[in-house]
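So the chains spell out like this:
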Amino acid sequence: MKQILSSIIALLSFICIQAAETPVEYFDCGNPIKFDNTDFYFAWSAHPNQLYYIQEYLPAGENFEHYTRMLSISVIMVDSSPIDAVKAKIAELDERKKTDPVTNYVVAEKDGEYILEFIVSDSNNGEVNTVETDLHYYKSMMVNGKKASVLFFYSTRAYGDNITEFIQSIPEKRASWYKAMEDLHLNITLKELD
């Protein structure tokens, strides 16, 4: 079970994000979703195997090629402790540190739910061109009457000349991001699709 969950989490981390012309809404959880005083609209989805669903949401005017904020929800229809997913992601980040010196993370836990905050970067010819800060909120939920592992994932990015200012702004934005995650009370219902 842990190996399946680790594989699914790894798939999430390496999935190539491309906006489909008509993405399928595999589950209902609201659209738009209000997060940190911003409306996020359904924009992309995938259902790579029988147990795993992911939907991604962007603010109006944003696109996947050059977004600054994105909200993602993954539903894994397995009864597993959130700590297993946290450990799998931490192992991935520890590996990434070997080639990305910006990579760092911190974990917060409350009542068996976890928030993993991390920062990563992308470089070209030794020059950092993108920095991304992510919050992963791992929790167990009932979905369609079954226990599921759910990941709420908020991503913010900066590019080029905006990177330094972005990094400096993280401490003042952090409390708002965490509160928005804790206030994100969504009811998720898988749809029956033809």
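Only a predicted model underlies this, so the values are computations on that prediction, with no experimental measurement involved.

Chemist: Which parts of the structure should I look at to understand the confidence of the model for the protein?
Modeler: The share of residues in the protein with pLDDT of 70 or more is 88%, and the mean pLDDT across the chain is 88. The model gives residues 7-20 a pLDDT under 50, and that stretch makes 24 contacts with residues more than four places away or in other chains.

Chemist: Got a minute to help me understand unusual backbone geometry in this structure?
Modeler: Trans is the prevailing form of peptide bonds, just as negative phi is the prevailing case for residues other than glycine. Backbone torsion omega between Asn 31 and Pro 32 reads 10 degrees, so that peptide bond is classified as cis. Here Pro 32 is to be found in the loop between strand E1 (27-28) and strand E2 (33-35). Backbone geometry places Asp 36, a non-glycine residue, at a positive phi of 50 degrees. Position of Asp 36 among the secondary structure elements: in the loop between E2 and strand E3 (38-49).

Chemist: Please explain the nonpolar core as it appears in this structure.
Modeler: In globular proteins that are soluble, nonpolar side chains generally tend to be buried together. The biggest cluster of nonpolar side chains holds 36 residues, and the ones touching the most others in it are Phe 27, Tyr 57, Ile 73, Val 75, Phe 152 and Ile 188. Examining the composition of this core, we find that seven residues originate from one element, helix H3 (residues 163-182), more than from any other. Apart from the residues lying within four places of it in its own chain, the contact partners of Phe 27 are Tyr 53, Ile 54, Gln 55, Tyr 57, Ile 73, Val 75, Ile 188, Thr 189, Leu 190 and Lys 191.

The rules we used
All residue numbers refer to position in the chain's written sequence, counted from 1. It should be noted that, the model being predicted, local features are given only for residues of pLDDT at least 70 and side-chain atom pairs only at 80 or more, the latter also being counted only at that level, while totals for whole chains, interfaces and linings use all residues. Based on all heavy atoms of the structure, the side-chain values leave hydrogens and waters out of the count. The pLDDT value expresses, per residue, how confident the predictor is, ranging between 0 and 100. Contacts are residue-level and defined by heavy atoms, with any inter-residue pair within 4.5 Å sufficient. Helix and strand definitions here come from DSSP, where helices need a minimum of 4 consecutive H or I residues and strands a minimum of 2 consecutive E residues; each element is numbered from the N-terminal end. We call a set of buried residues a nonpolar core when its members are Ala, Val, Leu, Ile, Met, Phe, Trp, Tyr or Cys and they connect through side-chain atoms within 4.5 Å of each other. Partly exposed residues are those whose accessible area sits between 20% and 50% of the maximum for their type, while under 20% is buried and over 50% is exposed, using a 1.4 Å probe and protein chains only.

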